[in-house]
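Structure assessment
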Amino acid sequence: MASETHGAEHGAEEAGGLVFHPMDQFIVKPLFGDGPIGMFTITNATLWMALSVVAVIALMIFGSSRRAIVPSRGQSIAELAYGFVYKMVEDVAGKDAVKFFPYIMTLFMFIVMSNFLGLIPMSFATTSHFAVTVVLALAVFLTVTIVGFVKNGAAFLGLFWVSSAPLALRPILALIEVISYFVRPVSHSIRLAGNIMAGHAVLKVFAGFAAIAVVSPLSVVAITAMYGLEVLVAFIQAYVFTILTCVYLKDALHPSH
Amino acid sequence: MATDSATSVGKCVDAFGSSIGMPQLCPDWVGNQIFWVVVTVIVIFFVLSRIALPRIASVLAERQGTITNDIAAAEELKAKAVEAEGAYNKALADARAEAQRIAAEAKADIQVTLDAAIAKADAQIAAKAAESEKAISEIRAGALESVKAVATDTANEIVNALGGKADAKTIGSAIETRMKG
Amino acid sequence: MEGQLAHIGAGLAAIGSGAAAIGVGNVAGNYLAGALRNPSAAASQTATLFIGIAFAEALGIFSFLVALLLMFAV
């Protein structure tokens, strides 16, 4: 976001026009020094991911460290998150999916913490990058596929063979099912990153309008309203990512379509 | 951050620090992010599955146990309360019966005393009445004697005044006759 | 010239966001209609509601993405 100030030196701005740089907030830069970004360089993305780990630890470990029967505020939130995800796994994916609960809880906590941390002004939204969400979605996709084949063997392919449809239609339906199966990680990841990126970009565009003095009060109001919506979206996208993981897991555990 | 513009100039950032195209699609940054997100997720996974989740699960189970115990204790106390209420009601009924009995006894006692007193009073009244009766009859007898004496004397005098010779026997019988008539 | 065409394309692609908005409204509205008819079943279907909204919105996000690609990446 600091790069915004440099954008002001851009040619177009010098002419006095309104030029937006809504995507500059997603730039990855090294945290220490200059130079190219290699695989292990510590970047601002690293910083904010580490902060999400810190937030998770603060909530889930320090929040519950007193093991109180009557919970404190932090412990209630930790227990609420636990119960929320646990119930989701149990209700959507079934009782035998409970052994995947830590995995799903990990995804949920990481995404929800990253989303909320990304909403802090001047922060970096890690979940707005496709590289991040594709890793998460592919992890889910691979897990689900492997679990499906290990649990059901070849019967897992029955997921694509819609036995309730007329016989003539089944090959076509099978093709569609296969395609939709492989599109899953794509939509799964792009939904999350797209939502977060869209929200942040919209906020940035509204912020750009604040440069015009007449419009700026309206712009501030709009940013406030959008920010409220983004807080909601941050949670709902984490919820949706998690619940879709549960749905896919249910398909893998019970492929009877 | 003044050095930013010179920092990560590459395929994706121009000389002014602005992004060229979408930063999300910059191939230079993909490897870095993939590496760090994998590290992050693994760290969170171990933190949660080793420490946080078992602890929260145990706290929740413990609370459930406490609540169950408390509910059982409350049930017990409630049963005790019901029992105590029964005992109280019984004691109350007993006390009431006792009170009624005592009241009836007291009433009977009073009745006996009262009857005796009434009988005594009646006897006294009767005695007094008999006495009075006697006195009255005495007075009446006395009065009759006096009347007879006065009448005899008067008759004697009248007879004497008329010049007759009254003999007492005749006058007496005449007066007897008059007084009876 | 080509850049200008790309901007027009981005604008056209952004129409898809509006279409997604219609879809999301449809899902939420039908959910509400059903929930008001049978409120006791509403709570069990909130997960389905969110999944439906997510699917509808994902397609809108795709068109938004196409718009962004046309704006910044082409």
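Residues numbered from 1 in each chain as written. Chains lettered and ligands numbered in written order. Predicted model: local features only at pLDDT ≥ 70, side-chain atom pairs only at ≥ 80, totals over all residues. Heavy atoms only, no water.

**Some words on the interface of chain A and chain C**
Definition in use: In this description, contact between two residues means that some pair of their heavy atoms is separated by no more than 4.5 Å. Each salt bridge in this description consists of a side-chain nitrogen of Lys or Arg and a carboxyl oxygen of Asp or Glu lying within 4 Å of one another. We call two N or O atoms a polar contact when they sit within 3.5 Å, provided that within protein one can donate a hydrogen and the other can accept it, with sequence-adjacent residues counted only if both atoms are side-chain atoms. Secondary structure counts use DSSP, requiring at least four H or I residues in a row for a helix and at least two E residues in a row for a strand, with both numbered from the N terminus. Gly falls in the polar group here, along with every residue not listed as nonpolar (Ala, Val, Leu, Ile, Met, Phe, Trp, Tyr, Cys, Pro) or charged (Asp, Glu, Lys, Arg).
With 17 residues of chain A at the contact, the number on the chain C side is 13 residues. For the pair chain A and chain C, the number of links is zero salt bridges. Put simply, chain A and chain C have one residue pair in polar contact (both at pLDDT 80 or more) between them. Mapped by element, the contributors of at least two residues to the side of chain A that touches chain C are α7 (170-209) and α8 (216-253) of chain A. Considering only residue class, the side of chain A that touches chain C consists of 12 nonpolar, four polar and one charged.

**A few points about a nonpolar patch on the surface**
All names here are of chain A. Where we set the bar: Residues enter a patch when their relative accessible area is above 30% and they make no salt bridge; the linking distance is 9 Å between like charges and 5 Å between nonpolar side chains (Val, Leu, Ile, Met, Phe, Trp, Tyr). Note that accessible areas follow from Shrake-Rupley with a 1.4 Å probe, and for residues the cover is restricted to the protein chains shown. Residue burial is assigned from relative accessible area. The probe radius is 1.4 Å, only protein chains are included, and a residue is buried under 20% of its type maximum, exposed over 50%, and partly exposed in between.
On the surface, a cluster of nonpolar side chains totalling about 500 Å² of accessible area is made up of Leu31, Phe32, Ile42, Leu47, Leu51 and Val54. Along the chain, the position of Phe32 falls in the loop between α2 (11-14) and α3 (44-62). A relative accessible area of 62% means that Phe32 is categorised as exposed.

**What to know about the UniProt feature "transmembrane region" (unreviewed entry) in chain C**
Residues and elements named next belong to chain C. Heads up, the rule is: UniProt positions are given in the numbering used here, feature names are shortened, and annotations may be inferred rather than shown by experiment.
Look at the UniProt record and you will see "transmembrane region" (unreviewed entry) annotated at residues 6-28 and 49-73. In the segment residues 6-28, helix accounts for 100% and strand for 0%; the C-alpha atoms at its two ends are 34 Å apart. Spanning residues 49-73, this segment combines 100% helix with 0% strand, and its end C-alpha atoms are found 34 Å apart.

**Digging into the environment of Met105(A)**
Following the sequence through the fold, Met105(A) ends up in helix α5 (residues 101-118). Residue class for Met105(A) comes out buried when judged on its relative accessible area of 0%. Taking the C-alpha atoms as reference points, Met105(A) and Ile236(A), 131 residues apart in sequence, are found 15 Å from one another. Not counting residues up to four positions away in its chain, the partners in contact with Met105(A) are Met60(A), Ala81(A), Tyr82(A), Val85(A), Leu48(B) and Leu53(B).

**Examining the interface of chain A and chain B**
Rules: Two parts placed together each lose some accessible area under a 1.4 Å probe, and adding up what both lose gives the buried area.
Contacts between chain A and chain B engage 58 residues on the former and 47 residues on the latter. For the pairing of chain A and chain B, the buried interface totals around 4,600 Å² over both sides, and the portion due to carbon and sulfur atoms is 72%. Across the chain A-chain B interface, the total number found is one salt bridge. Between Arg63(B) and Glu79(A) there is a salt bridge, with the nearest N and O atoms lying 2.8 Å from each other. Taken together, the links from chain A to chain B amount to 10 residue pairs in polar contact (both at pLDDT 80 or more). Elements that contribute at least two residues to the side of chain A that touches chain B include exactly α1 (3-7), α3, α4 (73-93), α5 and α6 (130-152) of chain A.

**A few points about α6(A)**
Structural remark: α-helix, 3.6 residues per turn; residues separated by three or four positions point the same way. Stated precisely, the cut-off is as follows: Here a helix's expected span is defined as the number of its residues, less one, multiplied by 1.5 Å.
With 23 residues, α6(A) ought to run about 33 Å at 1.5 Å a step, and its terminal C-alpha atoms sit 32 Å apart, in line with that. Once α6(A) ends, the next one or two residues include Gly153(A), with phi positive near 60°.

**Topic: the packing of aromatic side chains**
The condition that has to hold: Pairs were defined over the aromatic rings of Phe, Tyr and Trp, the Trp ring being its six-membered one, requiring ring centres within 6.5 Å. Orientation was assigned from the angle between planes: stacked under 30 degrees, edge-to-face over 60, tilted for the rest.
Per the stated rule, a full pass over the model turns up 17 aromatic pairs over all chains. Taking 5.1 Å as the distance between ring centres and 85° as the angle between the ring planes, the aromatic pair formed by Tyr239(A) and Phe50(C) counts as edge-to-face. Residue Tyr239(A) is found in helix α8, and its partner Phe50(C) is found in helix α3 (residues 46-73); the two belong to separate chains. The class of Tyr239(A) is buried, set by a relative accessible area of 10%. Following the ring pairs from residue to residue traces out a cluster consisting of Phe141(A), Phe149(A), Phe156(A), Phe160(A), Tyr181(A) and Phe182(A).

**A closer look at the nonpolar core**
The line we're drawing: Note on terminology: a nonpolar core comprises buried Ala, Val, Leu, Ile, Met, Phe, Trp, Tyr and Cys residues joined through side-chain atoms within 4.5 Å.
In terms of nonpolar packing, the biggest core is built from 65 residues, with Met60(A), Met105(A), Met109(A), Phe110(A) and Leu48(B) touching the most fellow members. Of all elements in the fold, only α3, α4, α5, α6, α7 and α8 of chain A, α2 (27-161) of chain B together with α3 of chain C reach the threshold of two or more residues within this core. Ranked by residues supplied to this core, first place goes to α8(A) with 12 residues. Residues contacting Met60(A), with those up to four places away along its chain left out, are Ala78(A), Met105(A), Met109(A), Leu48(B), Ala52(B), Leu53(B) and Ile56(B). Within the second largest apolar cluster, 13 residues are counted, among which are Phe130(A), Ile190(A), Ala198(A) and Ile61(C).

**Some remarks on the pattern of salt bridges**
Residue and element names in this part refer to chain B. By the definition in use, this model includes eight salt bridges over all chains. A salt bridge links Asp94 to Lys90, with the nearest nitrogen and oxygen atoms 3.9 Å apart. Residue Asp94 and its partner Lys90 are both found in helix α2; the two are separated by four residues, about one turn of the helix. Since its relative accessible area comes to 57%, Lys90 is described here as exposed. Three or more residues joined by partner-sharing salt bridges are found here, namely Glu98, Arg101 and Glu105.

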